[in-house]
Amino acid sequence: MLEEVERWLSRRSWSAAERPIDRILAAKHRTGTTVSVVLPALDEEGTVGDIVAAIRRELMTEAVPLVDELVVVDSGSTDRTAEVAAGAGARVVHRDAILPRVPALPGKGEVLWRSLLVTSGDIVCFIDADLKDFDAGFVSGIVGPLLTDPDVAFVKAMYDRPFGETAGQGGRVTELVARPLLNLHWPQLAGMVQPLGGEYAARRSLLERLPFPVGYGVELALLVDALHTVGLDALAQVDVGVRKHRHQDGQALGRMAAAIYRTAQLRLSRGHLVRPELTQFERGEHGFVPRTYAVDTEERPPMCEIEEYAVHRAA
């Protein structure tokens, strides 16, 4: 590990307990900074309500007014995700209703990008909607450094991530794809415990300048591009404990890995893959059957280049 990264780990890695909520609220009041929380959601009726309820109950009260805005962006759920989220107290916006002149593409990154157009907070905090046993400390933990330290621009959550009953530090795609890529090509980011984690917060002034891959590569892209835009010392991570969520099957992880590799490859060369597709195999009645999937290659431009965003910010 680079000496620079070792120094960064000692300066920019914290526990959520190091910033009590009263200290965070005092900093928010002093600076007048506003906070938006965004949950990207697709068929998450079983978990999204509990997450929304916890944030409203613990971080959106008269006594603890940390979060100013809580938005669930539904990317086309076929279950009761939107109904459950609204019933729990979130403002629910459908992905396709945001920036309708640009046809929506499937993918998490697309939803996060569009969310900048329907939120107003100076700090934007993203939380995955499939978390189980959710703790509102995820939000206060990663928002805290942005409120208390003006030099911090981007904060990732770090946590234990058990697989079933087995304890672990990272997900399978993180350990097999993302961490090797980062260590080899962006060694300044080797200290990030959860580079692909879906819980992170950043200043809007940074997010609006970054391109967003529409799919699974968005977390890696934002991390790498933030490094190049504001530098390592403006990045931080906070230990929020344990993250439990629904696990993907091996086939889905393969597609995720391909998208992440593509995202890294674009940033290394800005070139083009000869064949941006991934073929996987499933056993059928008469043997193995190939299934070919397109690898996410689309990226949305920085939001500050979108005319409607300028109008939204001026309103």
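To start, this report covers the structure provided alongside it. All values derive from a computational prediction rather than experimental measurement.

### Quick word on the pairing of strand S4 (residues 91-94)
Pairing of strand S3 (residues 69-74) with S4, which is carried by four bridges, proceeds in the parallel orientation. Paired with Val72 across the bridge in S4 is Val92. After leaving S3, the chain enters helix H4 (residues 81-88) and then returns to the sheet as S4, a path that is right-handed.

### Re the packing of aromatic side chains
Note on aromatic pairs: each is described by the distance of the centres and the angle between the planes. Under the definition given, this model contains four aromatic pairs. Taken together, a centroid distance of 5.4 Å and an interplanar angle of 65 degrees make the contact between Phe126 and Tyr200 edge-to-face. Taken together, the residues span a long stretch of sequence, with Phe126 in strand S5 (residues 123-126) and Tyr200 in strand S8 (residues 200-203) at a distance of 74 residues. Each member of the pair, Phe126 together with Tyr200, is buried. Between the aromatic rings of Phe138 and Tyr159, the centroid separation amounts to 6.1 Å while the plane-to-plane angle is 15 degrees, which identifies the pairing as stacked.

### What to know about the side chain of Glu208
Considering the arrangement of structural elements, one finds Glu208 in the loop between helix H8 (204-207) and strand S9 (212-213). One buried charged residue, Glu208, remains without a salt bridge, the closest side chain of opposite sign being Arg313 at 4.5 Å. Among the polar contacts listed, one links the side chain of Glu208 to the side chain of Tyr309, at a separation of 2.8 Å. Ignoring anything within four residues of it in the chain, the contact list for Glu208 reads Leu116, Pro302, Met303, Cys304 and Tyr309.

### Structural notes on the sheet that holds strand S10 (residues 235-242)
Read from one edge to the other, the open sheet built from eight strands follows the order S1-S10-S7-S8-S5-S2-S3-S4, with strand pairing classed as mixed. Edge positions in the sheet fall to strand S1 (13-15) and S4, since each has one partner strand and no second. The average undirected angle you get between the axes of adjacent strands in this sheet is 25 degrees. With three bridges joining them, S1 and S10 adopt parallel strand pairing. Within S10, the residue paired with Ser13 across the bridge is Gln237. Lying over the sheet, helix H5 (residues 108-115) contacts strand S2 (35-41), S3, S5 and S8, oriented at roughly 150 degrees with respect to S2.

### A word on the nonpolar core
Ranked by internal contacts, the top residues of the largest apolar core, which has 51 residues, are Phe154, Val173, Leu189, Phe212, Leu235 and Ile260. Looking at this core, the elements that each hand over two or more residues are S3, H5, S5, helix H7 (172-185), S8, H8, helix H9 (218-230) and helix H10 (250-269). Sorting elements by how many residues they give to this core places H9 first, with seven residues. Counting 43 residues, the second largest nonpolar core, distinct from the first, contains Val37, Ile51, Ile123 and Ala201.

### As for the pattern of salt bridges
If you walk through the whole model with that rule in mind, you get 18 salt bridges. As a salt-bridge pair, Glu199 and Arg243 come within 2.6 Å of each other at their nearest N and O atoms. Taken together, the positions of Glu199 in the loop between H7 and S8 and Arg243 in the loop between S10 and strand S11 (244-245) put the pair 44 residues apart, joining distant regions of the chain. In terms of burial, Glu199 and Arg243 fall into one category: buried.

### Overview of the environment of Leu112
The topology assignment puts Leu112 in helix H5. Since its relative accessible area comes to 0%, Leu112 is described here as buried. Spatially, the C-alpha atoms of Leu112 and Phe212 are 8.0 Å apart, while their sequence positions differ by 100 residues. Discounting chain neighbours no more than four positions away, the residues touching Leu112 are Pro40, Phe126, Tyr200, Phe212, Val218 and Glu219.

### Remarks on H4
Considered for burial, the residues of H4 that qualify are Thr81, Val84 and Ala85. Down the axis of H4, the buried set is contained in an arc of 95 degrees. They therefore lie on one face. Every exposed residue of H4 that faces more than 90 degrees away from the buried side is listed here: Glu83 and Gly87.

Each value, and the rule that gives it
Residues numbered from 1 in each chain as written. Predicted model: local features only at pLDDT ≥ 70, side-chain atom pairs only at ≥ 80, totals over all residues. Heavy atoms only, no water. Pairing = 2+ DSSP bridges. Helix = DSSP H or I, 4+ residues; strand = E, 2+ residues; numbered from the N terminus. Right-handed = clockwise from strand over helix to strand, strands pointing away. Phe/Tyr/Trp six-rings, centres within 6.5 Å; stacked < 30°, edge-to-face > 60°. Buried < 20%, exposed > 50% of the residue type's maximum accessible area, 1.4 Å probe, protein only. Lys, Arg positive; Asp, Glu negative; His and termini not counted. Salt bridge = Lys/Arg side-chain N within 4 Å of Asp/Glu carboxyl O. Polar contact = N/O pair within 3.5 Å; in protein donor to acceptor, adjacent residues only side chain to side chain. Contact = heavy atoms within 4.5 Å. Axes fitted to C-alpha atoms, helices over the stretch in contact; angles between N-to-C directions. Core = buried A, V, L, I, M, F, W, Y, C linked by side-chain atoms within 4.5 Å. Arc of directions from axis to C-beta.

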